[in-house]
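Residue-level listing of the chains:
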Amino acid sequence: RDLHYPLRRQRQMCIRDSPSFSDAIRNLANTYYFLENYEEAKPLLARYIELQTQTTASLIAAIQTLGELERESRNYESAIEYDERAIELTPDDDSQVHIIANTYNNNGYPDLAIRVYQAGIRAMPDNAFFDRSLGRLLEQSGRLEEALAAYRSAAAKDADSSFYADLVENLERRLDRQ
């Protein structure tokens, strides 16, 4: 018995009934996704993203989903490209930045976490906490001058915060002792 017949039938119906080929690809990707057949969904999501010429809610959802699937598969080098784009396209979602960065950092990829915070800063330039988080990662990576610049940026964005000012002062003292 052909276990994949329902999926092939679904694909045929999607393509036949869809007003555009890219919509058919998205529909098939969604079918695989909801059947938890993620390895089949990923190339279809990538193809759908590649075909899009306008930013739509469907495109953003596909990018976010593919980034998440690649992270879950530990394909971090592939995931980062989608994650940075998702951050750029949803500049009001600061929680996704922290979640994605923490995933990379907790799995031993601090350089990718740094890229995520840098993307977050580009998308949300007034977010002082992103600068602070970037500074923390840079400091943990031994990149102290860059960390100091990030802490200074956080302090400049939130001048009323003694927390950010203390980070700057403590790291300046540490650098002076070296």
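Figured I'd write up the structure that's included with this text.

Calculation notes
- Residues numbered from 1 in each chain as written.
- Predicted model: local features only at pLDDT ≥ 70, side-chain atom pairs only at ≥ 80, totals over all residues.
- Heavy atoms only, no water.
- Helix = DSSP H or I, 4+ residues; strand = E, 2+ residues; numbered from the N terminus.
- Buried < 20%, exposed > 50% of the residue type's maximum accessible area, 1.4 Å probe, protein only.
- Contact = heavy atoms within 4.5 Å.
- Areas by Shrake-Rupley, 256 points an atom, 1.4 Å probe, with all protein chains shown as cover.
- 1 Å grid on protein atoms, 1.4 Å probe; cavity = no way out; pocket = protein on both sides within 12 Å on 5 of 7 lines; lining within 4 Å.
- Points joined across faces, edges and corners; volume = space filled by probe spheres on them.
- Nonpolar A, V, L, I, M, F, W, Y, C, P; charged D, E, K, R; others polar.
- Axes fitted to C-alpha atoms, helices over the stretch in contact; angles between N-to-C directions.
- Parallel < 35°, antiparallel > 145°, perpendicular 65-115°, else oblique.
- Left-handed = near helix turned anticlockwise from the far one by under 90°.
- Core = buried A, V, L, I, M, F, W, Y, C linked by side-chain atoms within 4.5 Å.

Describing the overall build of the chain
Then step 1. Across its full length, the chain carries 10 helices and zero strands.
Then step 2. When the helices and strands of the chain are placed in sequence order, the string is α-α-α-α-α-α-α-α-α-α.
Then step 3. Per-residue burial for the chain yields a buried fraction of 40% across its 178 residues.
Then step 4. Put simply, 48% of the contacts in the chain that link residues at least 6 apart link residues at least 24 apart.
Then step 5. With an accessible surface of roughly 10100 Å², the chain has 47% of that area assigned to carbon and sulfur atoms.

What to know about the layout of surface pockets
Then step 1. When its volume is computed, the largest pocket comes out at roughly 160 Å³.
Then step 2. Taken together, the elements giving at least two residues each to the lining of the largest pocket come down to α4 (57-72), α5 (76-89) and α6 (94-106).
Then step 3. Here the lining of the largest pocket takes five residues from α4, the largest share from any one element.
Then step 4. Across the lining of the largest pocket, the residue classes break down as five nonpolar, three polar and four charged.

Re the packing of helix α8 (residues 128-140) against helix α9 (residues 144-157)
Helix-helix packing: each pair is described by the crossing angle between the helix axes and the interaxial distance.
Then step 1. In the contact formed by α8 and α9, the axes pass within 8 Å of each other and the chain directions differ by 165 degrees. One way to sum up the angle between α8 and α9 is to call them roughly antiparallel. The interaxial crossing formed by α8 with α9 has left-handed handedness. Between α8 and α9, the contacting residues are A128, D131, R132, L134, G135, R136, L138 and E139 on the first element and L144, E146, A147, A150, Y151, S153, A154 and K157 on the second.
Then step 2. Tallied by class, residues from the contact of α8 with α9 come to eight nonpolar, two polar and six charged.

Side note on the nonpolar core
Then step 1. Among the nonpolar cores identified, the biggest contains 32 residues, and V97, Y104, V116, Y117, L134 and L171 are the most heavily contacted of them.
Then step 2. Broken down by secondary-structure element, the contributors of at least two residues to this core are α5, α6, α7 (110-123), α8, α9 and α10 (162-177).
Then step 3. Not counting residues up to four positions away in its chain, the partners in contact with V97 are I87, V116, Y117, G120, M124 and F130.
Then step 4. I25, L45, L59 and I63 belong to the second largest nonpolar core, which has 16 residues in total.

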